[in-house]
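Commentary on secondary and tertiary structure
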Amino acid sequence: MSIEQLAETAQALVAPGKGIIAIDESTATIGKRFAAVGIDNTEANRRAYRELLLTTPKLSEHISGAILYDETIRQSTADGVPFAKYMAGHGILPGIKVDKGTVALAGYPGELVTEGLDGLRERLQEYYRLGARFAKWRAVITIGEDIPTGTCIDVNAHALARYAALCQEQGLVPVVEPEVLMDGEHDIETCYEVTEAVLRSLFGSLYDQNVLLEGTILKASMVVSGKDCPEQADVQEVAESTLMCLKTTVPAILPGIVFLSGGQPDEAATAHLDAMNRLGPNPWTLSFSYGRAMQQAALQLWARDMKNNVRKAQDAVYARARANGQAALGKWQG
Ligand code: 13P
């Protein structure tokens with residue numbers, strides 16, 4: 001796979017006014033989301049829900065790609081069209097979550113490391129055959145008393161770089177996601193310092209391991225106040241702090257940065273992205289790769305009447321895609 005092809009895919013993922021929808025929840029995680037609205041976590045329901053999302057009319061107006069889970073990339077529409085084929089035929093790039101989740105980092109209480117490198121080359125080869133053109137790996141950094149440690153940051157960065165290099169070897173664009181969790185009482189300055197250290201370590205590891213940044217996308221968390229911090233930074237402060245942090249750590253040659261929503265309310269996720277783009281021009285395209293902030297409203301509608309509310313739920317997905325697409329241009333109407 002040439003770097004030109006990887007760069008082309010990366011550019012397509014952050015095409016003007018477009019972003020990514022993350023629907024790559026593991027079976028356990030989607031189970032939690034379903035339980036919250038009273039839906040049984042069966043294979044049939046997971047398939048039907050993912051079909052609802054992926055077949056949203058005109059989705060590709062604002063969505064460049066969708067991240068799937070292992071089970072989902074093997075599933076098909078009710079008419080028997082494999083999801084990845086359906087997506088490719090409707091202008092949406094198929095992506096795949098390839099990490100195997102987090103485990104406790106031995107020797108470092110309260111900290112996590114992401115697993116999934118063993119056998120990754122072979123899994124990537126299979127995913128490519130199944131139609132995937134980009135992949136995602138999520139590392140999780142927790143802020144708390146005396147954490148994160150430099151060790152936790154570095155081992156996660158090292159794993160992200162190993163994953164990214166393998167992706168590029170197999171023709172997939174790596175979306176590298178070091179998520180700094182919003183959980184905690186810390187203030188926005190603490191989030192800034194941690195995010196800066198994480199991104200410095202990540203780009204050091206990517207450089208050390210010969211990852212080509214032209215064919216890489218960063219999936220970043222925003223610099224925000226901890227969820228339980230008594231003083232919550234406003235939209236402008238979040239936008240300015242996040243941009244400053246990214247500018248000091250992320251090389252300009254990277255084609256794009258997409259944000260995760262991380263538990264932010266739908267509108268806040270949109271407002272933050274919009275504000276950052278209004279502060280531009282920026283060195284890279286800034287867009288979205290939201291999971292919850294794209295799906296929450298739709299899931300609630302579908303749960304109320306799974307038979308008759310499909311179209312209503314799809315309208316909600318489209319509305320979120322449109323708002324976030326406008327925010328990716330700094331033209332959200334609010
Ligand atoms: P959220 O936007 O719900 O944080 O999910 C994005 C994602 O893919 C996390 O890995």
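Refer to the structure printed above.
A quick note: this is a predicted structure, and the numbers were derived from the prediction, not measured.

All right, on to the site of the ligand then. Close to the ligand lie 13 residues; K136, K219, S261, G262 and R292 are nearest. With respect to the ligand, the side chain of E177 contributes an N or O atom lying 3.0 Å from an oxygen atom. Protein chains shield 92% of the accessible area of the ligand, which is 300 Å² for the free molecule. Partitioning the shell around the ligand into residue classes produces 3 nonpolar, 4 polar and 6 charged.

For any two aromatic rings, the description comes down to two numbers: the centre-to-centre distance and the angle of the planes. Going through the model one piece at a time under the given rule, you end up with 5 aromatic pairs. On the numbers, 6.5 Å between centres and 50 degrees between planes, the contact of F34 with W302 is tilted. Of this pair, F34 sits in helix α2 (residues 27-37) while W302 sits in helix α11 (residues 292-304), and the two are 268 residues apart along the sequence. With relative accessibility at 0%, the residue F34 sits in the buried group. Aromatic pair Y49 and W302: ring centres 5.5 Å apart, planes at 25 degrees, arrangement stacked. One end of the pair, Y49, is in helix α3 (residues 43-54); the other, W302, is in helix α11, with 253 residues separating them in the sequence. The burial state of Y49 is the same as that of W302; both residues are buried. Clustering of aromatic rings is evident, with ring pairs tying together F34, Y49 and W302. Taking the ring centre of Y318 as reference, the NZ or CZ of K58 above it sits at 5.3 Å.

The next subject is a negative patch on the surface. On the surface, D187, E189, E193, E231, D234, E237 and E240 cluster together into a negatively charged patch. Secondary-structure elements contributing two or more residues to the negative patch are α8 (188-208) and α9 (235-247). As for its position among the elements, D187 is in the loop between β7 (173-180) and α8.

Quick look at the pattern of salt bridges now. Scanning the model with the defined rule gives 15 salt bridges in all. R121 is the salt-bridge partner of E169, the closest N and O atoms lying 2.6 Å from each other. Of this pair, E169 sits in helix α7 (residues 150-169) while R121 sits in helix α6 (residues 120-129), and the two are 48 residues apart along the sequence. A single network of salt bridges, built from pairs that share partners, joins D24, K136 and E177.

Cut-offs and rules
- Residues numbered from 1 in each chain as written.
- Predicted model: local features only at pLDDT ≥ 70, side-chain atom pairs only at ≥ 80, totals over all residues.
- Heavy atoms only, no water.
- Near = heavy atom within 4 Å.
- Polar contact = N/O pair within 3.5 Å; in protein donor to acceptor, adjacent residues only side chain to side chain.
- Areas by Shrake-Rupley, 256 points an atom, 1.4 Å probe, with all protein chains shown as cover.
- Nonpolar A, V, L, I, M, F, W, Y, C, P; charged D, E, K, R; others polar.
- Phe/Tyr/Trp six-rings, centres within 6.5 Å; stacked < 30°, edge-to-face > 60°.
- Helix = DSSP H or I, 4+ residues; strand = E, 2+ residues; numbered from the N terminus.
- Buried < 20%, exposed > 50% of the residue type's maximum accessible area, 1.4 Å probe, protein only.
- Lys NZ or Arg CZ within 6 Å of the ring centre and 35° of its normal.
- Patch = residues over 30% accessible without salt bridge, like charges linked within 9 Å, V, L, I, M, F, W, Y side chains within 5 Å.
- Salt bridge = Lys/Arg side-chain N within 4 Å of Asp/Glu carboxyl O.
- Lys, Arg positive; Asp, Glu negative; His and termini not counted.
- Charge placed at Lys NZ, Arg CZ, Asp CG, Glu CD.

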